[in-house]
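These are the residues of each chain, in order.
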Amino acid sequence: MTKQMKRTIIITGGAGFIGSHVVRLFVNKYPDYRIINLDKLTYAGNLANLKDIEDKPNYKFVRMDICDFDGVLKLMQDEHVDGIIHLAAESHVDRSIKDPFTFAQTNVMGTLSLLQAAKIAWDGNWEGKRFYHISTDEVYGALEMTDPEGVEPPFTTKASSGKHHLAYGTTFFTEDLKYQPHSPYSAAKASSDHFVRAFHDTYGMPTVVTNCSNNYGPYQFPEKLIPLFINNIRHRKPLPVYGKGENVRDWLYVEDHARAIDLIFHEGKVGDTYNIGGFNEWKNIDIIKVLISTVDRLLGRPEGADMDLITYVTDRAGHDLRYAIDSSKLQRELGWEPSLQFEEGIEKTVRWYLDNQEWMDNVTSGDYQKYYDDMYKGR
Ligand code: NAD
Ligand code: DAU
């Protein structure tokens with residue numbers, strides 16, 4: 001696919017955390033593309049995330065549920081859509097444990113509704129078309145923490161790219177691993193991935209799937225570890241650490257994910273899967289300590305003064321022990337690498353949340369949900 005041609009792309013979930021970064025990148029980088037942000041605006045959707053680009057001529061917002069098959073089909077036909085970048089989902093594991101039906105509905109049926117609408121709208125004319133599905137590393141299940149030759153983790157290991165990095169185990173998620181989801185969230189994402197591949201294999205739809213590790217950065221809803229804890233530290237509220245805080249996640253700065261999405265949308269191989277990750281494993285408790293020191297330092301408090309906010313609570317049910325992505329295929333085939341060191345990314349992130357207290361207050365008070373109604377009043 002060439003980048004020069006004019007395109008009309010639907011980005012689903014563009015008012016959410018990662019989606020807003022993807023929309024911003026595409027709207028600014030490709031003035032000849034028309035970018036339609038299709039979002040239902042659930043509790044996780046916030047149009048204030050896109051204030052800086054909302055008046056750009058190549059951007060349009062459409063409030064719609066991805067499960068609304070007739071609505072999606074009509075939009076695709078009316079707007080002559082030739083690309084879909086699909087991020088809309090229910091995304092929080094803890095919510096999926098309480099309410100699995102909503103996750104099956106949005107993540108499975110919603111994805112199927114988009115696929116079927118694209119199949120009918122494109123009617124077998126696949127030239128220049130692309131359906132890009134954004135998924136998660138959680139579909140692969142959980143990895144062990146191993147201690148080779150008695151070395152205390154994290155130890156230095158070598159990825160299949162040949163690069164050395166710190167890791168808590170010797171196994172990694174690669175694209176050929178079988179799916180073993182544990183939470184209702186990851187089970188629903190896994191199912192949606194299978195549907196996307198089935199549409200490629202059965203109908204020849206030009207699809208691509210990526211599975212990414214934990215993202216962090218600006219505009220993340222403060223139910224997720226990093227923004228929740230930054231806000232709690234600021235307000236000296238307890239930090240609920242699940243279990244012993246020993247679980248390991250592989251963290252990637254959200255703009256690096258958006259850059260990978262841009263690259264894969266344009267250059268990824270049809271029918272293929274790419275893992276995206278930061279080679280950046282951290283135990284939760286170590287990240288939490290970094291967050292406390294950083295917030296304290298930036299607020300002029302004695303560094304580490306807030307360590308006593310750490311509060312160990314009952315573990316998350318079915319809590320996956322370790323995630324670690326091997327993204328060497330993406331590096332090897334398309335030349336992508338994370339651009340930010342974690343220390344730099346986390347400093348930027350903490351600063352952003354401290355500087356954008358109004359955004360945080362709107363989100364925690366629920367006021368952001370009135371933004372859409374106010375914005376469209378009288379139109
Ligand atoms: P998010 O919860 O911040 O945003 C989700 C967005 O989807 C919101 O704007 C919401 O309004 C919208 N949405 C939800 N249900 C919808 C529906 N039925 N119809 C239309 N819009 C709907 O999520 P996120 O963290 O930005 O994740 C985006 C995608 O990336 C998800 O598919 C997620 O599985 C995947 N992912 C996330 C991470 C991460 O660390 N956050 C990592 C890997 C993959
Ligand atoms: O791996 C990719 C996934 O990362 C995405 O697919 C999900 O959409 C995204 O939410 C994220 O899932 P996690 O469950 O890993 O993220 P969360 O921020 O909820 O939790 C990170 C770790 O911190 C996890 O081990 C649970 C722990 N945790 C989380 C919260 C919210 C706590 O100890 N206390 C908390 O209050």
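The residue numbering used here restarts from 1 in each chain and proceeds along that chain's sequence as written. The lettering of chains begins at A and the numbering of ligands begins at 1, in the order of writing. Only residues with pLDDT of 70 or above have their local features reported here, since the model is predicted, and side-chain atom pairs are shown and tallied only from 80 upward, although totals for entire chains, interfaces and linings are computed over all residues. Neither water nor hydrogens contribute to the side-chain values; these are computed over all heavy atoms in the structure.

Novice: Could you give an account of the nonpolar core, with specific residues and numbers?
Specialist: Soluble globular proteins tend to pack their nonpolar side chains together in the buried interior. Counting 37 residues, the largest nonpolar core has Ile11, Phe26, Ile85, Tyr132, Ile264 and Ile276 as the members making the most contacts within it. For this core, the leading source of residues is helix α7 (residues 254-267), giving 7 residues. Beyond its immediate stretch of four places on either side in the chain, Ile264 contacts Arg130, Tyr132, Val208, Thr210, Tyr274, Ile276, Leu330 and Leu334. Nonpolar cores were defined as sets of buried Ala, Val, Leu, Ile, Met, Phe, Trp, Tyr and Cys residues, with membership established by side-chain atoms within 4.5 Å. Only protein chains enter the calculation, and the probe is 1.4 Å; a residue is then buried if its accessible area is under 20% of its type maximum, exposed if over 50%, and partly exposed in between. Each helix corresponds to a stretch of at least 4 residues labelled H or I by DSSP, and each strand to a stretch of at least 2 residues labelled E; elements are numbered beginning at the N terminus. The contact criterion used throughout is that any non-hydrogen atoms of two residues lie within 4.5 Å.

Novice: I'd love a proper account of the sheet that holds strand β9 (residues 214-216), names of residues and values included.
Specialist: Any two strands between which DSSP finds at least two bridges are classified as paired. Read from one edge to the other, the open sheet built from 3 strands follows the order β9-β11-β13, with strand pairing classed as mixed. Two strands lie at the open edges of the sheet, namely β9 and β13 (281-283), each paired on one side alone. Sheet twist, expressed as the mean angle between neighbouring strand axes with direction ignored, is 50°. Relative to strand β11 (residues 248-253), β9 is paired through 3 bridges, and the arrangement is parallel. Across the sheet, residue Asn215 finds its bridge partner in β11, namely Leu252. With respect to the sheet, α7 is in contact with β9 and β11, its orientation differing from that of β11 by roughly 70°. Axes, fitted as lines to C-alpha atoms, cover a helix only where it is in contact. Angles between the N-to-C directions of the axes lie from 0 to 180 degrees. Packing against the sheet, helix α8 (residues 284-298) makes contact with β11 and β13, and its axis sits at approximately 85° to β13.

Novice: Please provide a residue-by-residue account of the side chain of Asp39, values included.
Specialist: Residue position: Asp39 is located in strand β2 (residues 34-39). Counting rule for charge: Lys and Arg are taken as positive, Asp and Glu as negative, and neither His nor the chain ends is counted. Salt-bridge detection follows one rule: a side-chain nitrogen of Lys or Arg within 4 Å of a carboxyl oxygen of Asp or Glu. With no salt bridge to any partner, buried Asp39 finds its closest opposite charge in Arg63, at an N-O distance of 6.9 Å. Polar contact is the term for a pair of N or O atoms within 3.5 Å; when the atoms are in protein, one must be able to donate a hydrogen and the other to accept it, and sequence-neighboring residues count only if both atoms are side-chain atoms. A polar side-chain atom of Asp39 sits 2.6 Å from the main-chain amide nitrogen of Leu41. With near-sequence residues (within four places) excluded, Asp39 lies in contact with Gly13, Gly14, Ala15, Gly16, Gly45, Phe61, Val62, Arg63 and Met64.

Novice: Break down the site of ligand 2 for me, with residues and values.
Specialist: We call a residue near a given molecule or strand whenever any one of its heavy atoms falls within 4 Å of it. Taken together, 24 residues sit near ligand 2, with Thr136, Asp137, Tyr185, Arg316 and His319 positioned nearest. Note that a nitrogen atom of ligand 2 is positioned 2.8 Å from one of the backbone N or O atoms of Pro240. Note that accessible areas follow from Shrake-Rupley with a 1.4 Å probe, and for residues the cover is restricted to the protein chains shown. Here ligand 2, which alone exposes 690 Å², has 94% of that area covered by the protein. Going through the elements one at a time, α6 (225-234) and β10 (239-242) are the ones with two or more residues in the shell around ligand 2. The residue inventory of the shell around ligand 2, partitioned by class, reads 10 nonpolar, 8 polar and 6 charged. Charged residues are taken to be Asp, Glu, Lys and Arg, nonpolar residues to be Ala, Val, Leu, Ile, Met, Phe, Trp, Tyr, Cys and Pro, and polar residues to be all remaining types, Gly included.

Novice: Go over the site of ligand 1 with me, naming the residues and quoting the values.
Specialist: In the region of ligand 1, 28 residues are neighbours, and Ile18, Asp39, Ser91, Tyr185 and Lys189 sit closest. The contact in question runs from an oxygen atom of ligand 1 to an N or O atom on the side chain of Asp39, over 2.6 Å. Lys189 is positioned with one of its side-chain polar atoms (N or O) 2.6 Å from an oxygen atom of ligand 1. Calculation on ligand 1 without its partners gives an accessible area of 840 Å², and the protein chains cover 96% of this total. Elements represented by at least two residues in the shell around ligand 1 include exactly α1 (17-29), β5 (130-136), α5 (184-203) and β9. Residue contributions to the shell around ligand 1 peak at 3 residues, all from β5. The class makeup of the residues in the shell around ligand 1 is 13 nonpolar, 11 polar and 4 charged.

Novice: Break down the environment of Ala142 for me, citing the residues and quoting the values.
Specialist: Looking at the secondary structure, you find Ala142 in the loop between β5 and β6 (155-158). Ala142 gets classed as partly exposed once you look at its relative accessible area, which sits at 32%. For the pair Ala142 and Trp126, spaced 16 residues apart in the sequence, the C-alpha separation amounts to 36 Å. In this structure, Ala142 is in contact with His182, Asp320, Leu321 and Arg322, ignoring residues within four places of it in sequence.

Novice: Describe in detail α8, supporting the description with residues and values.
Specialist: By definition here, a helix of n residues has an expected span of 1.5 Å times n minus one. With 15 residues, α8 extends 21 Å from end C-alpha to end C-alpha; this agrees with the ideal 21 Å at 1.5 Å per step. For α8, the secondary structure elements touched by its buried residues are α6, β10, β11, β13, β14 (310-313) and α10 (342-355). At the C-terminal side of α8, Gly300 shows a positive phi close to 75°.

Novice: Help me get a handle on the confidence of the model for the protein, residues and values and all.
Specialist: Predicted coordinates in areas of low pLDDT are best not read in detail. A score between 0 and 100, pLDDT records how confident the predictor is in each residue. This prediction gives the protein a mean pLDDT of 94; 96% of its residues lie at or above 70. No element of the protein has a lower mean pLDDT than helix α12 (residues 371-376), at 63, and none a higher one than strand β1 (residues 8-12), at 99.

Novice: Tell me about the packing of aromatic side chains, residues and numbers included.
Specialist: Aromatic rings from Phe, Tyr and Trp, with only the six-membered ring used for Trp, were paired whenever their centres fell within 6.5 Å, and each pair was classed as stacked if the ring planes differed by under 30 degrees, edge-to-face if by over 60, and tilted otherwise. Under the definition given, this model contains 20 aromatic pairs. Consider the rings of Tyr30 and Tyr33, whose centres lie 4.6 Å apart with planes at 15°: the pair is stacked. Like Tyr33, Tyr30 is buried. Each ring, one from Tyr353 and one from Trp359, has its centre 6.1 Å from the other, and the planes form 65°; the classification is edge-to-face. Pair check on accessibility: Tyr353 and Trp359 agree, each one buried. An aromatic cluster is defined as three or more aromatic residues linked by ring pairs; in this entry it consists of Tyr216, Trp251, Tyr253, Trp282 and Phe342.

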